Structure formats: structure tokens, C-alpha cells
Amino acid sequence: MPRDELEITPDITTGPLPASKKVYVEQNGLRVGMREIELSGGEPSLRVYDASGPYTDPNETIDIYKGLKPIRNEWIAGRGDTEEYVGRAVKAFDNGYKEG
């Protein structure tokens with residue numbers, strides 16, 4: 001559906017979060033998003049898993065109409081345990097019987 005036909009423009013939160021920064025840990029060909037949180041009192045920063053994907057990465061451009069980049073395609077195909085197929089068209093009942 002073209003953008004000009006949409007009735008609602010959703011608000012999407014993107015960009016960095018306060019008192020932290022997005023970092024990546026790479027291991028065995030995988031790049032995992034982490035968040036490095038600044039702590040007070042001279043404590044070292046705390047690194048935690050970040051499930052926000054590219055949405056909080058200031059180096060990414062987010063366009064919800066194009067979807068996310070298929071960053072795991074090559075890795076998944078390289079495992080040799082999956083099969084690609086063409087899915088069926090989306091039907092009204094997939095979206096709660098909403099038309100359009």
C-alpha cells in the first residue's frame with residue numbers, strides 16, 4: 001500500500017537511549033547487539049543483551065515501510081538446514097478481517 005493511502009502514520013521510537021550506547025559483540029560469524037549502560041559512582045559500565053535490533057542504533061536508517069535488512073539470510077542459508085519457498089498472499093483474515 002502506498003504511503004499516501006495510509007490513514008495512520010505510526011510513531012516509531014528510534015535512536016540512542018539515555019545513559020547508554022549500542023555496541024555489538026561478534027563471535028562465530030554472528031553480530032549480537034548489546035547495550036552498554038553507564039553507571040554512577042565510578043562503577044564500570046554494565047553490558048546487557050539488547051533486543052531492540054537496529055531501532056536504537058544511531059548508525060541505522062529506519063523505514064518501517066521497507067522493513068528490516070535481512071542480516072541473517074546468509075548465515076541461515078549457510079547452515080544448510082532450511083528451505084526457501086514463496087508464501088501465499090496476505091488475506092483479510094490475517095489482519096483481523098480488515099480490508100485494505
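The structure presented is a predicted model; accordingly, all values stated were derived computationally and were not measured.

Caption draft 1: Highlighting the sheet that holds strand β2 (residues 30–37). Spatially, three strands are ordered β1-β2-β3 in an open sheet, and the strand pairing comes out antiparallel. Taken across any chain shown, the strands that pair with only one partner, and hence form the sheet edges, are β1 (20–27) and β3 (46–49). Taken pair by pair, the neighbouring strands of this sheet meet at an average axis angle of 40 degrees, ignoring direction.

Caption draft 2: Expanded view of the layout of surface pockets. Taken as a whole, the largest pocket encloses approximately 750 Å³ of empty space. Lining of the largest pocket is provided by 25 residues; of these, R31, P54, K69, I71 and R72 occupy positions nearest its centre. For the lining of the largest pocket, the elements supplying multiple residues, two or more each, are β1, β2 and α1 (73–79). In terms of residue count, the dominant contributor to the lining of the largest pocket is β2 (four residues). Split into classes, the residues belonging to the lining of the largest pocket amount to ten nonpolar, five polar and ten charged.

Caption draft 3: Layout of the pairing of β1. Sheet topology places β1 next to β2; eight bridges connect them, and they run antiparallel. What sits directly across from Q27, in β2, is L30. Counted between consecutive antiparallel strands, the loop separating β1 from β2 contains two residues, among which N28 sits at a positive phi close to 50 degrees.

Caption draft 4: Region of interest: the pattern of salt bridges. Summed over all chains, the structure comprises seven salt bridges. Where salt bridges share partners, they join K21, E36 and R47 into one cluster.

Conventions used here
Residues numbered from 1 in each chain as written. Predicted model: local features only at pLDDT ≥ 70, side-chain atom pairs only at ≥ 80, totals over all residues. Heavy atoms only, no water. Pairing = 2+ DSSP bridges. Helix = DSSP H or I, 4+ residues; strand = E, 2+ residues; numbered from the N terminus. Axes fitted to C-alpha atoms, helices over the stretch in contact; angles between N-to-C directions. 1 Å grid on protein atoms, 1.4 Å probe; cavity = no way out; pocket = protein on both sides within 12 Å on 5 of 7 lines; lining within 4 Å. Points joined across faces, edges and corners; volume = space filled by probe spheres on them. Nonpolar A, V, L, I, M, F, W, Y, C, P; charged D, E, K, R; others polar. Salt bridge = Lys/Arg side-chain N within 4 Å of Asp/Glu carboxyl O.

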